[in-house]
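Now for the letters of each chain:
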Amino acid sequence: QVQLVESGGGLVQAGGSLRLSCVASGRTFSDFAMGWFRQAPGKEREFVAATKWSAGNTDYADSVKGRFTISTDNARNTVYLQIAGLKPEDTGVYSCAARPAWYGSNRNQRNYYYWGQGTQVTVSL
């Protein structure tokens with residue numbers, strides 16, 4: 001059974017940092033791409049960042065470029081999202097997702113086969 005389990009969310013003041021983790025299990029993910037998405041209260045879920053296990057390619061939404069860093073630890077089957085310079089508008093539920101690397105674009109959530117349950121990030125002023 002495939003599982004993606006996120007952790008690392010919490011309440012943080014504006015300007016602070018967090019590192020989110022997503023542990024993947026249940027199958028081989030070497031030919032998959034991993035994405036992070038977020039959903040703010042009352043808004044649609046949006047793309048944040050993506051990468052591939054097997055290559056260093058990364059992709060970021062313009063709103064997070066320069067503040068968020070996505071990375072992988074292949075030995076631990078873990079994808080990280082390092083977040084710096086947090087802003088109140090970064091508040092939301094952050095979810096990781098997996099899709100076959102050859103299938104569609106990073107930014108379309110419909111291309112992703114597997115999803116985690118999400119972790120809440122709340123940024124206060």
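Our subject is the structure listed above.
Fair warning: this is a prediction, and the values are worked out from it, not measured in the lab.

Points about the sheet that holds strand β1 (residues 3-7)
Across the sheet, which stays open at both edges, the 4 strands sit in the order β1-β3-β8-β7 with antiparallel pairing between neighbours. Looking along the sheet, the strands with just one partner apiece sit at the ends: β1 and β7 (68-73). Shown here is a sheet whose adjacent strand axes are inclined to one another by a mean of 15°, direction ignored.

Concerning the packing of aromatic side chains
The way to describe two aromatic rings as a pair is by their centre distance and the angle between their planes. Counted according to the given criterion, the structure contains 10 aromatic pairs. Ring centres of F37 and Y112 lie 5.1 Å apart, and the angle between their planes is 85°; this geometry places the pair in the edge-to-face category. Taken together, the positions of F37 in strand β4 (residues 32-39) and Y112 in the loop between β9 (92-100) and β10 (114-115) put the pair 75 residues apart, joining distant regions of the chain. Given a relative accessible area of 1%, F37 falls into the buried group. For Y112, a relative accessible area of 5% gives the class buried. We note R19 situated over the ring of Y80; from NZ or CZ to the ring centre the distance is 4.2 Å. In this structure, R99 packs its charged tip against the face of Y112, placed 5.7 Å from the ring centre.

Conventions and cut-offs
Residues numbered from 1 in each chain as written. Predicted model: local features only at pLDDT ≥ 70, side-chain atom pairs only at ≥ 80, totals over all residues. Heavy atoms only, no water. Pairing = 2+ DSSP bridges. Helix = DSSP H or I, 4+ residues; strand = E, 2+ residues; numbered from the N terminus. Axes fitted to C-alpha atoms, helices over the stretch in contact; angles between N-to-C directions. Phe/Tyr/Trp six-rings, centres within 6.5 Å; stacked < 30°, edge-to-face > 60°. Buried < 20%, exposed > 50% of the residue type's maximum accessible area, 1.4 Å probe, protein only. Lys NZ or Arg CZ within 6 Å of the ring centre and 35° of its normal.

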